[in-house]
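Each chain, letter by letter, is given below.
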Amino acid sequence: MLSVFSGKAAAKASMAAGRKAAILTQQKRNIYRFPLKSDVNITKTGKTKIAIGQGGRSSRTGYTVSVFGGSGFLGRIITSKLAKHGTLVVAPWRNSRSMRHLKVNGDLGVVNYHEWDLRNVQSIEESVAHADVVINLVGSELNTKNFSMADANIEGSRRIAEAAKKYGVDRFIQVSSYNANPKSESEFFATKGVGEQVVKDIYPDATIVRPAPMYGRNSALLHELVPLTKLGGNVLFRQEIYPTHGRQVAEALEKIVFDDSTLGKTYELYGPERYSKRELREMIKYMTHIGMYGYFPAATGFSIPAPRSFMKVWCWLNEKFNPSMESVNMDTYRRSTIDQVIDPSALTYEDLGMKADDLADWLYSYVKPYIISPSQSLNRTVYGRDEVLKLRDYVNTPKNSFDFFDLKS
Ligand SMILES: NC(=O)c1ccc[n+]([C@@H]2O[C@H](COP(=O)([O-])OP(=O)(O)OC[C@H]3O[C@@H](n4cnc5c(N)ncnc54)[C@H](OP(=O)(O)O)[C@@H]3O)[C@@H](O)[C@H]2O)c1
């Protein structure tokens, strides 16, 4: 009898030990996903931050990060990355509807809203008062009725940096732009360049991040390239760029937040391949199967070529009479003439231990959601990397067409 009992007890004990071992294994933190290598971290100003948990939900990194511009394309991804591991995020907002989906990225209390306005210094100060790191993603390519590009890109950066300085925030990360240069002809690139200088004057050890045009789900780049008819596409899509993956830019930002060796450095984040917007648009046209069948959407057309002088006047008219609503303005025209130039002195993905994604691997997965019409879905070609590269060759092969006005240049 005794031996039967002791046998059962031994089996129970071994099962319990097995369960405990399994729980302990699960409790190990995934160091490849968790952004911190150590449980105890000391910030630049000597504050101690204790990380707890296994990484993922119910964990805490111990840091608080204010993300200005969190409602934007990049802001949403970086907020989700930070909140996932329990970094407390302060998300200043000016439009509650564009922020509400951020809450679910973390546990209750991890993503915290605070209403702010660029003209209200007190609201900026309240947004940074408890932060260890501030990320400024606020940026505008448009002069609107209430805010000029200079207001958003220069004055906004200055006010946020001043408030952060006043409250002793350890780190300031300024997201600028490719081609940022105070002397640029383009108002956007020039204001971004001055914005960097203004931030550096206040925070000499601020980290500057200059992303190339970013692609991803809901990215401005694809929203610009995919629409069907575009008046003067031959002029507006002249620019040559090194598109980068938005998700990777967010990943790089996350690394920068937790790595004090990035203090005072400038990073240019760009993809490995140079594309002209014109060729990308041509490729997308084939990928979305437009013009392959004799009915919608072929009938709506894809490009309406126009001479440069006409487009200049068109952009000017749009800026003059429809400044807030229209994405085509004089600065769009100017930017279309300025190709992306890489600053050789800036650091890149490699310096953060990352390898830049190639657009050819991702393009189809992001273009696919735009295929909505039944006539488009008749063609079931799936564009993997090889097909995308073949398509690129195809659209760049001169066609036997007579282009009297040189409208494709
Ligand atoms: N996307 C690109 O390809 C690209 C390329 C180079 C540089 N960048 C720069 O990278 C940063 C992030 O890019 P993104 O694509 O995420 O930008 P985005 O989607 O346009 O988001 C911009 C953010 O800035 C906020 N904002 C703009 N003007 C503001 C103002 N006057 N007051 C308060 N908030 C204002 C917007 O708030 P609301 O939601 O309330 O409007 C939004 O949260 C920006 O600075 C952008 O200029 C982007």
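Analysis parameters
- Residues numbered from 1 in each chain as written.
- Predicted model: local features only at pLDDT ≥ 70, side-chain atom pairs only at ≥ 80, totals over all residues.
- Heavy atoms only, no water.
- Patch = residues over 30% accessible without salt bridge, like charges linked within 9 Å, V, L, I, M, F, W, Y side chains within 5 Å.
- Areas by Shrake-Rupley, 256 points an atom, 1.4 Å probe, with all protein chains shown as cover.
- Salt bridge = Lys/Arg side-chain N within 4 Å of Asp/Glu carboxyl O.
- Helix = DSSP H or I, 4+ residues; strand = E, 2+ residues; numbered from the N terminus.
- Buried < 20%, exposed > 50% of the residue type's maximum accessible area, 1.4 Å probe, protein only.
- Near = heavy atom within 4 Å.
- Polar contact = N/O pair within 3.5 Å; in protein donor to acceptor, adjacent residues only side chain to side chain.
- Pairing = 2+ DSSP bridges.
- Axes fitted to C-alpha atoms, helices over the stretch in contact; angles between N-to-C directions.
- Parallel < 35°, antiparallel > 145°, perpendicular 65-115°, else oblique.
- Left-handed = near helix turned anticlockwise from the far one by under 90°.
- Contact = heavy atoms within 4.5 Å.
- Nonpolar A, V, L, I, M, F, W, Y, C, P; charged D, E, K, R; others polar.

As recorded in an unreviewed UniProt entry, the protein goes by NAD-dependent epimerase/dehydratase domain-containing protein and comes from Dekkera bruxellensis.

There is a patch of nonpolar side chains on the surface, built from F310, V313, W314, W316, L317 and F321 and spanning about 620 Å² of accessible area. Secondary-structure assignment places L317 in helix α11 (residues 308–321). Residue L317 is classed as partly exposed on the basis of its relative accessible area, which comes to 33%.

Before going further, it helps to spend a moment on the site of the ligand. Around the ligand sit 23 residues in total, of which S71, L74, R94, K192 and M214 are the nearest. Residue S71 places a side-chain N or O atom 2.5 Å away from an oxygen atom belonging to the ligand. Within the complex, 82% of the 880 Å² of free accessible area of the ligand lies under protein. Taken together, the elements giving at least two residues each to the shell around the ligand come down to α2 (73–84) and α6 (187–202).

Taken in spatial order, the 7 strands of this open sheet run β5-β4-β3-β6-β7-β8-β12, and their pairing is parallel. Here the strands that pair on one side only, and so sit at the sheet edges, are β5 (111–115) and β12 (266–269). In this sheet, neighbouring strand axes are inclined to one another by 20° on average, regardless of whether the strands run parallel or antiparallel. Here strand β3 (residues 64–68) pairs with strand β4 (residues 88–93) via 3 bridges, running parallel.

On to the packing of helix α5 (residues 149–166) against α6. One way to put it is that α5 packs onto α6 with a least axis distance of 8 Å and a crossing angle of 15°. Judged by the angle between their axes, α5 and α6 are roughly parallel. Crossing of α5 over α6 shows right-handed handedness. Contacts between α5 and α6 involve M149, A150, N153, I154, S157, R158, A161, E162 and K165 from the former and E187, F188, T191, K192, V194, G195, V198, V199 and I202 from the latter.

Right, let's get into the side chain of K49. Position of K49 relative to the elements: it lies in strand β2 (residues 48–50). Within the local environment of K49, its side chain forms a polar contact with the side chain of D132, the two groups lying 3.1 Å apart.

With that out of the way, let us pick up the packing of helix α13 (residues 359–367) against helix α15 (residues 385–396). Relative orientation of the contacting elements α13 and α15 amounts to 95°, with a least axis distance of 8 Å. In terms of orientation, α13 lies roughly perpendicular with respect to α15. Residue-level inspection shows A360, D361 and L363 of α13 in contact with α15, the latter providing R385, V388 and L389. Along the lines of polarity and charge, the residues of the contact of α13 with α15 split into 4 nonpolar, no polar and 2 charged.

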